[in-house]
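What follows is each chain in one-letter form.
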Amino acid sequence: MYANAEGTTMRDRPAEIRIHDFQEVDTGLSTEAAIREAERCIQCKKPLCVNGCPVCIDIPAFIREVAAGNFRESARILKAQNMLPAICGRVCPQETQCEGQCILGKKETPVKIGALERFVADWEREHGFELPETKPYRGMTVAVVGAGPAGLTAAAELARLGHRVTMYESLHEAGGVLMYGIPAFRLPKEIVRAEIEQVLALGVELKLNHLVGRSVPVDELLKFDAVFIGTGAGLPYFMGIPGEQLPGVYSANEFLTRVNLMHADKFPAFDTPVKRGSRIVVAGGGNVAMDAARIARRLGGKVTLVYRRREEDLPARAAEIEHAKEEGIEFVMCANPVKILGDQCVTGVECVEMEMCKLDASGRPEPKPTEGSTFTIDADIFIQAIGQGPNPLLLNLLPQLEKSRRGNLVVDENGRTKVPHVFAAGDVATGAATVILAMGTAKTAAQAIDRMLRER
Amino acid sequence: MIELWVRAPHVARHARAGQFLIVRTDENGERIPLTISAVKGDLVRVVFMTVGKTTYQLAAMPAGSSVRDVAGPLGKPSEVAKYGNCVVVGGGAGIACCPIIARELREAGNHVIGIIGARNKDFLILADEMKDSCDELGIATDDGSFGHHGFAADLLKQEIANRKIDAVWIIGPAIMMKVTSQVTRPLGIRTFVSLNPIMVDGTGMCGSCRVTVRGEVKFACVDGPEFDAHQVDFDGLMQRQRAYLDEEKEALAGYQAHVCKCGGDHHA
């Protein structure tokens with residue numbers, strides 16, 4: 001979504017309609033609107049927008065082709081740098097990246113680069129994909145662990161550079177957070193599948209249902225000429241408060257996975273169930289919290305989002321916050337859950353009011369509980385969206401790799417780990433961040449892998 | 001009780017005692033964890049009771065059918081080491097997971113005593129296989145229709161009274177593991193149980209299978225499924241196992257109505 005300072009755009013489906021389904025909120029640009037928007041680009045000689053793009057798309061060039069109506073050529077330019085443009089056009093935080101740098105933004109609204117990227121990618125999908133060129137096979141094998149944004153990007157890049165890639169995915173479907181985490185109303189799953197198909201069409205071999213470290217032991221993994229670890233940040237953190245074991249308490253990851261990957265919203269047509277509450281409390285203030293709250297809203301019931309800092313401190317994108325509010329989600333700021341009430345199931349969440357104290361290391365005021373300020377929110381479902389860490393399973397089996405205090409892999413600027421032929425990128429290395437940052441770091445690592453393999 | 005052999009080379013190749021796999025029958029299916037009971041070449045055996053839609057669906061599949069997905073092996077292998085005298089106790093469907101553990105323990109140089117218990121003799125499974133996998137075998141049935149009239153826990157008590165026991169595995173329904181592990185608690189005998197909470201991904205990603213062990217939250221799928229029996233909060237486990245009883249009933253009723261109407265199973 002490409003909300004600007006004014007919030008959401010006219011392309012959004014009305015909240016009162018969209019809360020009853022999982023269809024995409026943003027309807028995208030029409031051809032005429034796309035051309036008109038592309039014509040706004042002033043084609044800077046030294047484009048700042050490109051500096052803001054983690055995968056270095058030649059933004060003025062692809063926009064120029066849109067303005068000229070050459071959508072096929074525009075898609076070629078996009079895909080020269082990014083194999084997942086329909087995804088990025090939808091979920092990148094453009095307001096802090098390309099659009100945040102756009103010179104037009106200084107006086108008016110920046111060019112809607114994300115919307116244009118999405119338009120071109122959707123056009124190509126509807127009119128037939130064209131595969132980018134790949135270099136001839138060079139005789140080297142690379143294992144890619146994890147088929148999320150980082151793994152897919154690394155796999156595509158390495159396949160194009162002439163390497164034989166085997167990509168392992170522990171789930172029954174590729175995509176990682178794009179499939180299990182981001183809801184369909186932000187990122188339709190058929191679009192993710194179509195872009196993954198393009199990566200596989202480059203010659204990448206995908207092995208589903210393979211948990212590396214278990215199905216593929218570490219010694220087998222290390223036999224590849226190079227290894228790319230892109231296992232993400234899939235380990236949910238819990239708050240550690242009383243009552244957490246009660247049925248009806250979910251990590252955001254579980255709640256999202258049940259609905260997005262397993263289609264629990266369509267139970268019993270799909271076998272996986274999810275609890276549908278009448279009063280749902282979500283703790284957290286990031287994009288994941290917004291996604292969980294908005295899914296809960298669509299399953300029916302009153303949804304309250306509790307965040308321990310102030311509204312202006314919410315780490316979620318402005319557009320997500322706006323969308324959540326439009327959809328009727330109640331925001332309770334400066335409050336923190338301290339206890340989950342209930343005997344056999346959740347009946348309420350006890351919270352404490354938070355006071356904002358002096359600035360902490362992140363530059364935000366540090367929240368401190370106010371004594372004697374507890375209050376209770378009635379609830380039958382409680383979802384914790386307070387962050388995720390790296391899944392430690394594979395990392396524990398690779399003690400030779402250096403880990404940070406938070407359990408992330410320590411890598412250099414090219415994604416290189418302590419083991420010469422093992423690289424890592426995406427959330428497992430950076431800590432939980434955005435899809436596009438995972439893709440950017442993965443691309444850099446893939447290019448470093450290619451350089452290393454060529455020197456052999 | 002259903003015995004199912006699945007051809008899954010990627011699971012079979014590295015499967016060890018104590019690990020499990022996840023099956024998804026079809027595109028609309030749920031992911032259900034089943035403990036690995038035996039491995040032969042490319043084949044993996046799982047044994048289960050028909051309790052919900054997916055297990056009924058699996059049971060109705062004729063030989064040679066395919067399931068949509070099999071992931072694994074998952075979870076940590078059993079902590080096989082040289083302990084000395086080991087007892088492996090199986091209850092109900094949990095018996096199915098015992099021979100593979102008994103064999104690995106024996107190969108590690110232990111003297112292995114097997115104990116299996118069931119409601120009645122019709123529910124006693126794999127008795128011959130257990131006999132071959134253990135040095136000694138005791139059998140109990142609740143109604144006395146075979147072997148000792150009583151519980152597996154009674155036989156475990158006798159073993160402990162008779163000789164020094166160094167390690168015990170107890171595998172079965174949560175309530176049976178809770179009760180039976182009380183037997184070894186006073187003597188502080190190292191005791192493992194294999195937990196079977198509700199899972200979704202089975203890879204450490206969702207936390208659905210969280211259990212409290214020694215006061216800490218653990219994920220059965222990656223930290224287990226085997227844990228120190230004397231540290232497990234069984235009541236919390238059982239409460240979470242019951243979380244979807246209504247939904248499970250609804251799914252099963254829908255499936256059975258469908259099968260009756262169409263006179264057969266469509267997933268075969």
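Before reading on, note that the structure itself is shown above.
Residues numbered from 1 in each chain as written. Chains lettered and ligands numbered in written order. Predicted model: local features only at pLDDT ≥ 70, side-chain atom pairs only at ≥ 80, totals over all residues. Heavy atoms only, no water.

Asks: Teacher, can you tell me more about the overall build of chain B here?
Replies: Looking only at helices and strands, chain B has nine helices and 15 strands in total. Principal-axis analysis of the C-alpha atoms gives chain B an extent of 55 × 40 × 35 Å. Counting every position in chain B, which comprises 268 residues, the buried fraction comes to 55%. Nonlocal contacts in chain B, meaning residues at least 24 apart in sequence, comprise 65% of its contacts between residues at least 6 apart. For chain B, the accessible area works out to roughly 11000 Å², and carbon and sulfur atoms hold 51% of it. Taken as two groups, the 29 positive and 32 negative side-chain charges of chain B have centres that lie 2 Å from each other. (Helix = DSSP H or I, 4+ residues; strand = E, 2+ residues; numbered from the N terminus. Buried < 20%, exposed > 50% of the residue type's maximum accessible area, 1.4 Å probe, protein only. Contact = heavy atoms within 4.5 Å. Areas by Shrake-Rupley, 256 points an atom, 1.4 Å probe, with all protein chains shown as cover. Lys, Arg positive; Asp, Glu negative; His and termini not counted. Charge placed at Lys NZ, Arg CZ, Asp CG, Glu CD.)

Asks: Even after reading the chapter, I still don't get the side chain of Arg240 of chain B, so can you show me in this structure?
Replies: Note that Arg240 of chain B resides in helix α8 (residues 234-241). Arg240 of chain B has contacts with Glu244, Gln245, Leu246, Pro247, Val249 and Glu254 of chain A together with Ile198, Gly207, Ser208 and Arg210 of chain B, leaving out every residue within four places of it along the chain.

Asks: Which parts of the structure should I look at to understand the nonpolar core?
Replies: Nonpolar side chains in soluble globular proteins tend to end up buried together. Core analysis: the biggest nonpolar cluster contains 80 residues, and Ile59, Phe62, Ile63, Leu116 and Phe228 of chain A have the highest contact counts within it. If you tally residues by element for this core, the top one is helix α18 (residues 435-455) of chain A, at eleven residues. Each of domain 1 (2-127) and domain 2 (141-234 + 389-455) of chain A gives at least three residues to this core. Each residue touching Ile63 of chain A, except ones within four places of it in the same chain, is listed here: Ala38, Cys41, Gln43, Val111, Ile113 and Leu116 of chain A. Ranked by size, the runner-up nonpolar core spans 40 residues in total, among them Ala153, Ala174, Phe219 and Leu237 of chain B. (Core = buried A, V, L, I, M, F, W, Y, C linked by side-chain atoms within 4.5 Å. Domains from an automatic or database assignment.)

Asks: Just checking my understanding: could you explain the interface of chain B and chain A for this structure?
Replies: In many reports, interface size means the accessible area that the parts give up when they come together. In this complex, chain B contributes 44 residues to the contact, which on the side of chain A involves 40 residues. Roughly 3700 Å² of surface becomes buried between chain B and chain A when both sides are summed, with 51% attributable to carbon and sulfur atoms. Sorting the residues of chain B by area buried against chain A places Met205, Arg210 and Tyr244 of chain B first, and these three jointly supply 18% of that buried surface. Where chain B packs against chain A, one counts three salt bridges. The shortest N-O distance in the salt bridge between Glu247 of chain B and Lys275 of chain A comes to 3.1 Å. Counting every contact that joins chain B to chain A gives 23 residue pairs in polar contact (both at pLDDT 80 or more). Every element with two or more residues in the side of chain B that touches chain A is listed here: α2 (53-59), β6 (69-74), β13 (210-213), α8 and α9 (245-262) of chain B. (Buried area = accessible area lost by both parts, 1.4 Å probe. Salt bridge = Lys/Arg side-chain N within 4 Å of Asp/Glu carboxyl O. Polar contact = N/O pair within 3.5 Å; in protein donor to acceptor, adjacent residues only side chain to side chain.)

Asks: Looking at this model, I keep getting lost on empty space enclosed by the protein. Mind explaining?
Replies: The gaps left among the atoms become clear once a water-sized probe is rolled over them. Residues and elements named next belong to chain A. Counted under the stated rule, the structure contains eight cavities of 30 Å³ or more. Counting residues per element, the ones that place at least two in the lining of the largest cavity are α3 (48-51) and α4 (59-67). Sort the elements by how many residues they give to the lining of the largest cavity and α4 lands first, with three residues. Classifying every residue of the lining of the largest cavity gives 14 nonpolar, one polar and no charged. Space inside the second largest cavity adds up to approximately 110 Å³. Contributing to the lining of the second largest cavity are 17 residues, with Cys53, Ile57, Cys92, Cys98 and Glu117 lying nearest its centre. Among the secondary structure elements, those contributing two or more residues to the lining of the second largest cavity are α4 and α8 (113-127). Top contributing element to the lining of the second largest cavity by residue count: α8, with three residues. Looking at the lining of the second largest cavity, its residues break down into eleven nonpolar, five polar and one charged. (1 Å grid on protein atoms, 1.4 Å probe; cavity = no way out; pocket = protein on both sides within 12 Å on 5 of 7 lines; lining within 4 Å. Points joined across faces, edges and corners; volume = space filled by probe spheres on them. Nonpolar A, V, L, I, M, F, W, Y, C, P; charged D, E, K, R; others polar.)

Asks: How do you make sense of helix α11 (residues 189-201) of chain A when you look at a structure like this?
Replies: An α-helical turn contains 3.6 residues, so a residue and the one three or four places further along point in the same direction. All names here are of chain A. For α11, built from 13 residues, the straight-helix expectation of 18 Å at 1.5 Å per residue is met to within 8% by its first-to-last C-alpha distance of 18 Å. Looking only at α11, the buried set comprises Lys189, Ile191, Val192, Ala194, Glu195, Ile196, Gln198 and Val199. Positive phi appears at Gly203, one or two residues downstream of α11, with a value of about 105°. (Expected span 1.5 Å × (residues − 1).)

Asks: Teacher, can you tell me more about the environment of Val259 of chain A here?
Replies: Residues and elements named next belong to chain A. On the secondary structure map, Val259 appears in helix α13 (residues 252-261). Assessed through its relative accessible area of 2%, Val259 is described here as buried. As a C-alpha pair, Val259 and Ala292 span 33 residues in sequence and 9.8 Å in three-dimensional space. Residues contacting Val259, with those up to four places away along its chain left out, are Phe22, Ala264, Asp265, Val274, Ile295 and Leu299.

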